[in-house]
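# A structural walkthrough
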Amino acid sequence: MKLLVIGSGGREHALAWRLLQSPRVAHVFVAPGNGGTATMARSTNVALSDPAALADFVKKEGITLTVVGPEAPLALGVVDTFRAQGLKIFGPTQAAAQLESSKDFAKVFMVRHQIPTAAYQTFTDPIAAHAYIEAQGVPIVVKADGLAAGKGVVVALTSGEAHDAVDAMLGDGSLGAAGARVVIEECLLGEEASFIILCDGKNILPLATSQDHKRLQDADQGPNTGGMGAYSPAPVVSAAIHARVMREVITPTIEGMKADGIPFTGFLYAGLMIGDGDDATRPIKVLEFNCRLGDPETQPILMRLRSDFLEIFEHGVAGTLNQAEVEWDPRTALGVVMASANYPATPRLGDAISGIPAAQPDCVVFHAGTVAKNGELQTSGGRVLCVTALADNVRATQQRAYDVVKSINFDGAQYRTDIGWRALEKK
Ligand code: AMP
Ligand code: GLY
């Protein structure tokens, strides 16, 4: 059968790559895709993004199932458009995707359903927002309500930074409509983890745990990014923490959405802050919901997936996820993102890339911001590649991934040298 993957990042390259390993998948189309999905066997890029045009393409090509990677098409209602035409697609409806597309919606939802999250208030009036910051003190977190492609969150350590963020978003309209409302919330301390599940509206299937590295530089320094690397499993999510997250966060979220009349289908990603203490009592709070897989978390997670990915999606669409069987490689997978010069502020495009080795069972270089142009591969975005390896332990996996990173060249390449440091520290 033929499948469609919507998106253009490393996550979508990994989705297409893993789906192509299913014996029943003949071909995968990726819209719009990247240099990696353009050059992979049995994969074709399609230059479409409009939901109606994508639905027409699916009908014309006889595509059986569509999988959505990023949040933007979900917020545009691509799932609603496809379903209205009887086309199979895995993802949340536009209404359910508000868990990600509006931080205020997510906060109001969490409070209503007693899901633990940082204390907050929402503002459209800058004067009231400034007064709240003064009353609360720092550190404090200022978030644009809407989708801002990773640029909407300011963790302010000084009151100057917090006031500046409010002025930029509410005053200057620096993020447009996305920043016309802001959520200001308590700054949480602890260790972050990405907890991702699939849901068919009622049944929940957790994926392997993972941890992202949001800051640009080693030792979690520098600006926030979309994610500079990830690994799976995340040791902070012990069996006890896993059970608590399911009970305290995931189940009430899925039940709450159902009770509110907007059942959740698709991938749900809870970004968690896990505070200090022992596993029975340490605080677990939701930093954010995403209505999709994480990028780069997906790359190491899918390196570890042993089951037929297509079957999992089929259960997801049919409402039978309770029958899905998922087997994980017990080894550690770890992905190192190589980003372009000047990422994240103003990524430089058009640098020639060389030295990418062919995919191996224990190391795959997933493409993100790449394009095949004039017979060469060039950078075309902020995050360029994610070098993802699989080995027996964190140290060996790091070694394997970084050996390959060092063999790849493009001008201005930036990468962290410490992906996985928290897992190593726990040993
Ligand atoms: P978000 O898009 O909400 O996940 O925010 C991006 C990043 O900002 C998170 O991964 C955290 O590192 C940080 N962050 C968000 N909210 C908070 C918070 N309440 N306290 C501390 N850090 C936060
Ligand atoms: N890696 C974080 C995200 O996908 O939102």
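Model, not experiment: these values are computed from the prediction.

### Brief notes about the overall build of the protein chain
Along the backbone of the protein chain there are 14 helices and 23 strands. Here the C-alpha radius of gyration of the protein chain, 21 Å, is about what a compact globule of 427 residues would show, namely 22 Å. Once the C-alpha set of the protein chain is aligned to its principal axes, its extents read approximately 60 × 45 × 45 Å. Every one of the 427 residues in the protein chain was classed for burial, and the buried ones make up 55%.

### Observations concerning the nonpolar core
If you look at the biggest cluster of nonpolar residues, it comprises 49 residues, and the most contacted ones within it are Leu99, Val249, Ile250, Phe264, Leu272 and Phe289. Ranked by the residues each element gives to this core, the list is headed by helix H10 (residues 239-259), at seven residues. The contacts of phenylalanine 264, once residues within four sequence positions are left out, are Pro92, Ala96, Leu99, Cys199, Asp200, Gly201, Ile254, Met257 and Cys291. Ranked by size, the runner-up nonpolar core spans 38 residues in total, among them Val5, Leu198, Leu207 and Leu305.

### Concerning the packing of aromatic side chains
Each aromatic ring pair is specified by the distance between its two centres and by the angle formed by the two planes. Under the defined criterion, the tally for this structure stands at eight aromatic pairs. Measuring from ring centre to ring centre gives 5.3 Å for phenylalanine 29 and phenylalanine 57, while their planes differ by 80°; the resulting arrangement is edge-to-face. Separated by 28 residues along the polypeptide, phenylalanine 29 in strand E2 (residues 27-32) and phenylalanine 57 in helix H3 (residues 51-61) bring together distant segments of the chain. Since its relative accessible area comes to 9%, phenylalanine 29 is described here as buried. Centre to centre, the rings of phenylalanine 267 and phenylalanine 313 are 5.8 Å apart; their planes meet at 85°, and the pair counts as edge-to-face. Placement of phenylalanine 267 in strand E16 (residues 265-274) and of phenylalanine 313 in helix H12 (residues 309-318) is noted, with a sequence separation of 46 residues between them. Note on accessibility: phenylalanine 267 and phenylalanine 313 belong to one class, buried. The structure contains a cluster of three or more aromatic residues connected by ring pairs, namely Phe90, Phe267, Phe309 and Phe313.

### Thoughts on the site of ligand 2
By nearness alone, every residue bordering ligand 2 is listed as Asp212, Lys214, Gly226, Tyr269, Asn290, Arg292, Gly294, Asp295, Pro296 and Glu297. Contact between ligand 2 and arginine 292: an oxygen atom at 2.9 Å from a side-chain N or O atom of the residue. Within the backbone of aspartate 295, an N or O atom sits 2.9 Å from a nitrogen atom of ligand 2. Isolated, ligand 2 exposes 200 Å² of accessible area, and the fraction of that covered by the protein chains is 89%. For the shell around ligand 2, a count of residues per class yields two nonpolar, three polar and five charged.

### Things to note about the state of the cysteines
In the structure shown here, the tally under the stated rule is zero disulfides. Cysteine 199 carries a free sulfur, and the closest cysteine sulfur to it, the one in cysteine 291, is 11 Å from it.

### Considering the sheet that holds strand E1 (residues 2-7)
Spatial ordering of the open sheet is given by E3-E2-E1-E4-E5, a layout of five strands whose pairing is parallel. Looking at which strands have only one partner, the edges of the open sheet turn out to be strand E3 (43-45) and strand E5 (89-90). As paired strands, strand E4 (residues 65-68) and E5 are joined by two bridges and run parallel to one another. Residue pairing in the sheet places valine 67 in a bridge with phenylalanine 90 of E5. Contacts from helix H1 (residues 10-19) reach E1, E2 and E4 within the one sheet, and its direction differs from that of E1 by about 165°.

### Concerning the sheet that holds strand E11 (residues 204-206)
With antiparallel pairing, four strands are arranged side by side in an open sheet as E11-E10-E16-E17. A strand with exactly one partner marks an edge of an open sheet, and here the two such strands are E11 and strand E17 (284-290). Strand-to-strand twist in this sheet, taken as the mean axis angle between neighbours without regard to direction, amounts to 30°. For E16 and E17, the ladder comprises six bridges, and the chain directions are antiparallel. In the strand pairing of E17, isoleucine 274 is matched with isoleucine 284. Across the sheet, H12 touches strand E10 (191-200), E11 and E16, and the angle it forms with E10 is around 65°.

### Things to note about the pattern of salt bridges
According to the stated counting rule, one finds 24 salt bridges in the structure shown. For arginine 331, the salt bridge is made with aspartate 329, and the minimal N-O distance between the two is 2.8 Å. By relative accessible area, arginine 331 is classed as partly exposed at 30%. Overall, the relative accessible area of 5% leaves aspartate 329 in the buried class. Within this structure, Lys103, Glu192, Lys214 and Glu288 form a network of salt bridges that share partners.

### Considering the packing of H1 against H12
Between H1 and H12, the least distance of the axes is 8 Å, while the angle of their chain directions is 105°. As far as their axial angle goes, H12 and H1 are roughly perpendicular. Facing Leu15, Arg18 and Leu19 of H1, the residues of H12 in contact are Phe309, Leu310 and Phe313. Tallied by class, the residues present in the contact of H1 with H12 amount to five nonpolar, no polar and one charged.

### Description of the site of ligand 1
Taken together, 14 residues lie near ligand 1, and Glu185, Leu188, Glu192, Lys214 and Glu288 sit nearest. At 2.7 Å from a nitrogen atom of ligand 1 is found a side-chain nitrogen or oxygen belonging to glutamate 185. Contacts to ligand 1 include lysine 214, whose side-chain N or O atom sits 2.8 Å from an oxygen atom. Look at ligand 1: alone it shows 470 Å² of surface, and the protein chains cover 90% of it.

### Remarks on the environment of alanine 219
Relative to the helices and strands, alanine 219 is located in the loop between strand E13 (215-217) and strand E14 (221-224). For the pair alanine 219 and threonine 117, spaced 102 residues apart in sequence, the C-alpha separation works out to 26 Å. Sequence-distant contacts of alanine 219, that is, excluding residues within four places in its chain, are made with Arg416 and Asp418.

So, how was this worked out
Residues numbered from 1 in each chain as written. Chains lettered and ligands numbered in written order. Predicted model: local features only at pLDDT ≥ 70, side-chain atom pairs only at ≥ 80, totals over all residues. Heavy atoms only, no water. Helix = DSSP H or I, 4+ residues; strand = E, 2+ residues; numbered from the N terminus. Rg over C-alpha atoms; globule rule 2.2 N^0.38 Å. Buried < 20%, exposed > 50% of the residue type's maximum accessible area, 1.4 Å probe, protein only. Core = buried A, V, L, I, M, F, W, Y, C linked by side-chain atoms within 4.5 Å. Contact = heavy atoms within 4.5 Å. Phe/Tyr/Trp six-rings, centres within 6.5 Å; stacked < 30°, edge-to-face > 60°. Near = heavy atom within 4 Å. Polar contact = N/O pair within 3.5 Å; in protein donor to acceptor, adjacent residues only side chain to side chain. Areas by Shrake-Rupley, 256 points an atom, 1.4 Å probe, with all protein chains shown as cover. Nonpolar A, V, L, I, M, F, W, Y, C, P; charged D, E, K, R; others polar. Disulfide = S-S within 2.5 Å. Pairing = 2+ DSSP bridges. Axes fitted to C-alpha atoms, helices over the stretch in contact; angles between N-to-C directions. Salt bridge = Lys/Arg side-chain N within 4 Å of Asp/Glu carboxyl O. Parallel < 35°, antiparallel > 145°, perpendicular 65-115°, else oblique.

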